[in-house]
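Chain residues, written in single-letter form:
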Amino acid sequence: MNKHILWQSTLCVLLLAVMSLLAACGYDDAVILSLPAYDQKEFYTEGGFQDFTDYGIYRFPLFDKGKLEENLYFTPITDADAILPYIENFETWITEGSELSDHYDFDKACIGDGDYVFIDTKEGKPIGNGGTTYGAFDNYSVYFFDADTWTLHYFHSNI
């Protein structure tokens, strides 16, 4: 009887561990969920467990621009210079010959008035308990919405 209970307990623990891992793989991005449903997605990543770079392209069917104006995350771009340092830093992490480099074709010239951006950075936040803080380009996500093409470009670097 005790072996049966031990076996059931072990099986339950393993099942919970697998369910937790699967739930972690299904991470939902609150910023992307704040937008209407996209109809196409491309996603490329480079790097390992802790140091990685992601690039996503989300294409949307036409929708009311008012949705962006009401969105709690996005703000209209008034100065492209605010977003360009992040894009330029992101591009330094792309390794030639990688899946990401094979598919990365972002044109910085498309950034302009009428577009929207959300930049999420850990800059200035503490790293663990050691007393050091994140720098500007240590961990960030940039969501750039090109209103001309109804395309969201997602840049993430965690280096």
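An account of the accompanying structure is given in this report. (Residues numbered from 1 in each chain as written. Predicted model: local features only at pLDDT ≥ 70, side-chain atom pairs only at ≥ 80, totals over all residues. Heavy atoms only, no water.)

Below, the discussion takes up the pattern of salt bridges. Within the structure shown, the criterion is met by two salt bridges. One salt bridge connects arginine 59 with glutamate 42, and the closest N-O pair in it is separated by 2.7 Å. Here the residue arginine 59 occupies a position in strand β2 (residues 52-59), and glutamate 42 occupies one in strand β1 (residues 40-47), the gap between them amounting to 17 residues. According to the relative accessible area criterion, arginine 59 is partly exposed, its value standing at 29%. Note that lysine 108 is salt-bridged to glutamate 91, the shortest N-O span being 3.0 Å. With lysine 108 in the loop between α5 (99-103) and β4 (116-121) and glutamate 91 in helix α4 (residues 84-92), this residue pair connects regions lying 17 residues apart in the sequence. The class of lysine 108 is partly exposed, set by a relative accessible area of 30%. (Salt bridge = Lys/Arg side-chain N within 4 Å of Asp/Glu carboxyl O. Helix = DSSP H or I, 4+ residues; strand = E, 2+ residues; numbered from the N terminus. Buried < 20%, exposed > 50% of the residue type's maximum accessible area, 1.4 Å probe, protein only.)

This brings us to unusual backbone geometry. Although it is not a glycine, tryptophan 150 adopts a positive phi angle of roughly 55°. Along the polypeptide, tryptophan 150 turns up in the loop between β5 (139-146) and β6 (151-158). Since its relative accessible area comes to 14%, tryptophan 150 is described here as buried.

Its location among the elements puts serine 98 in the loop between α4 and α5. Among the polar contacts made by the side chain of serine 98, one reaches the main-chain carbonyl oxygen of threonine 95 at a distance of 2.7 Å. (Polar contact = N/O pair within 3.5 Å; in protein donor to acceptor, adjacent residues only side chain to side chain.)

Here the focus is the side chain of threonine 53. Mapped onto the secondary structure, threonine 53 falls in strand β2. Judged by its relative accessible area of 2%, threonine 53 falls in the buried class. Leave out the neighbours within four places in its chain, and threonine 53 touches Tyr44, Thr45, Glu46, Phe90, Trp93, Leu100, His156, Ser157 and Ile159. (Contact = heavy atoms within 4.5 Å.)

Of all the positions in α4, only Leu84, Tyr86, Ile87, Asn89 and Phe90 are classed as buried. Packed against the buried residues of α4 are β2, α5, β4, β5 and β6.

As a further point, take the nonpolar core. In terms of nonpolar packing, the biggest core is built from 19 residues, with Tyr55, Phe90, Tyr104, Phe106, Val142 and Phe155 touching the most fellow members. Looking at this core, the elements that each hand over two or more residues are β2, α4 and β5. The greatest single-element share of this core, amounting to four residues, is contributed by α4. Non-local contacts of phenylalanine 90, meaning those with residues more than four positions away in its chain, are made with Thr53, Asp54, Tyr55, Leu100, Tyr104, Tyr140, Phe155 and His156. Membership of the second largest hydrophobic core comes to 15 residues, among which are Ile32, Leu35, Tyr116 and Phe118. (Core = buried A, V, L, I, M, F, W, Y, C linked by side-chain atoms within 4.5 Å.)

Here we take up the sheet that holds β1. Strand order in this open sheet of six strands is β1-β2-β6-β5-β4-β3, and the pairing throughout is antiparallel. The open sheet terminates on both sides in strands that have one partner only, identified here as β1 and β3 (75-76). Against the sheet, α4 touches β2, β4, β5 and β6, its axis set at about 115° to β5. (Pairing = 2+ DSSP bridges. Axes fitted to C-alpha atoms, helices over the stretch in contact; angles between N-to-C directions.)

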